[in-house]
Amino acid sequence: VQLVESGGGLVQPGGSLRLSCAASGTIFRLHTVGWYRQAPGKQRELVAEITSGDSINYADSVKGRFTISRDNAKNTGYLQMNSLKPEDTAVYYCNSRNEISLYSYWGQGTQVTVSS
């Protein structure tokens, strides 16, 4: 199983980015897809996740600003990030978890930097 993230970068406060997570080698539609982030000196934290049945959970810090989605036909998950703040700066990781076996897979991470 391979997860490849893209879409990170440098953006000014108030700006937007869209992260993508392309999966291969697995039955993506049976997985919960999650986005996590890790800032320097901090623990990795859940940002948002979407189940195979499209149930969605967001961290309180991103509610109303971030939107998670998935396209099973493309084996891809997305994280639309709007109204970005400097405190959103982190490495963002995609996670894909098989809801039956509970095996979990991680992408390599993509850097998001929010700065003026």
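Residues numbered from 1 in each chain as written. Predicted model: local features only at pLDDT ≥ 70, side-chain atom pairs only at ≥ 80, totals over all residues. Heavy atoms only, no water.

Peer 1: Even after reading the chapter, I still don't get the sheet that holds strand S8 (residues 76–81), so can you show me in this structure?
Peer 2: Two modes of strand pairing occur in sheets, parallel and antiparallel, and in both the strands are linked by backbone hydrogen bonds. Pairing in this open sheet of 4 strands is antiparallel, and the strands run S1-S3-S8-S7 from one edge to the other. The sheet is open, and its two edges are formed by strand S1 (2–6) and strand S7 (66–71), each paired on a single side. Taking the axes of each pair of neighbouring strands and ignoring which way they run, one obtains an average angle of 15 degrees across the sheet. Inspection of the sheet shows S1 paired to strand S3 (residues 17–24) by 5 bridges, in the antiparallel sense. Note on S3: the bridge partner recorded for Glu5 is Cys21. (Pairing = 2+ DSSP bridges. Helix = DSSP H or I, 4+ residues; strand = E, 2+ residues; numbered from the N terminus. Axes fitted to C-alpha atoms, helices over the stretch in contact; angles between N-to-C directions.)

Peer 1: How should I be thinking about the side chain of Thr32 in this particular structure?
Peer 2: Positionally, Thr32 belongs in strand S4 (residues 31–38). With relative accessibility at 4%, the residue Thr32 sits in the buried group. In terms of polar contacts, Thr32 uses its side chain to reach the side chain of Glu99, at 2.7 Å. Discounting chain neighbours no more than four positions away, the residues touching Thr32 are Glu49, Ile50, Thr51, Ser52, Arg70, Asn95, Ser96, Arg97 and Glu99. (Buried < 20%, exposed > 50% of the residue type's maximum accessible area, 1.4 Å probe, protein only. Polar contact = N/O pair within 3.5 Å; in protein donor to acceptor, adjacent residues only side chain to side chain. Contact = heavy atoms within 4.5 Å.)

Peer 1: Hey, could you run me through the pairing of strand S9 (residues 90–98) in this one?
Peer 2: Judged by how many residues are buried, S9 sits mostly within the fold: 7 of 9 residues are covered. In this structure, S4 lies alongside S9, joined through 8 bridges in antiparallel fashion. Across the sheet, residue Thr32 finds its bridge partner in S9, namely Arg97. One ladder, built from 3 bridges, connects S9 with strand S11 (residues 110–114); its direction is antiparallel. Paired with Ala90 across the bridge in S11 is Val112. Here S9 folds back onto strand S10 (residues 104–106), and the loop between the two strands holds 5 residues, one of which, Leu102, carries a positive phi near 70 degrees.

Peer 1: What is the right way to read the pattern of salt bridges from this model?
Peer 2: With the rule as written, the count across this model stands at 4 salt bridges. For Asp88, the salt bridge is made with Arg37, and the minimal N-O distance between the two is 2.9 Å. With a gap of 51 residues between them, Asp88 in the loop between S8 and S9 and Arg37 in strand S4 connect regions that are remote in the sequence. Here Asp88 ties to Arg65 by a salt bridge, and the two come within 2.7 Å at their closest N and O atoms. With Asp88 in the loop between S8 and S9 and Arg65 in the loop between strand S6 (56–58) and S7, the pair connects residues that are 23 residues apart, well separated along the chain. Linked by salt bridges that have partners in common, Arg37, Glu45, Arg65 and Asp88 make up one network. (Salt bridge = Lys/Arg side-chain N within 4 Å of Asp/Glu carboxyl O.)

Peer 1: Looking at this model, I keep getting lost on the state of the cysteines. Mind explaining?
Peer 2: Throughout the structure, instances matching the rule amount to 1 disulfide. Here Cys21 engages in a disulfide with Cys94; their sulfurs sit 2.0 Å apart. Torsion about the S-S bond of the Cys21 and Cys94 cystine: about -75 degrees, corresponding to left-handed handedness. Linking Cys21 in strand S3 with Cys94 in strand S9, this pair joins segments that are 73 residues apart in sequence. Of the two residues, Cys21 and Cys94, neither departs from the other in class, the shared state being buried. (Disulfide = S-S within 2.5 Å.)

The values reported here are purely geometric and, on their own, carry no functional implication.
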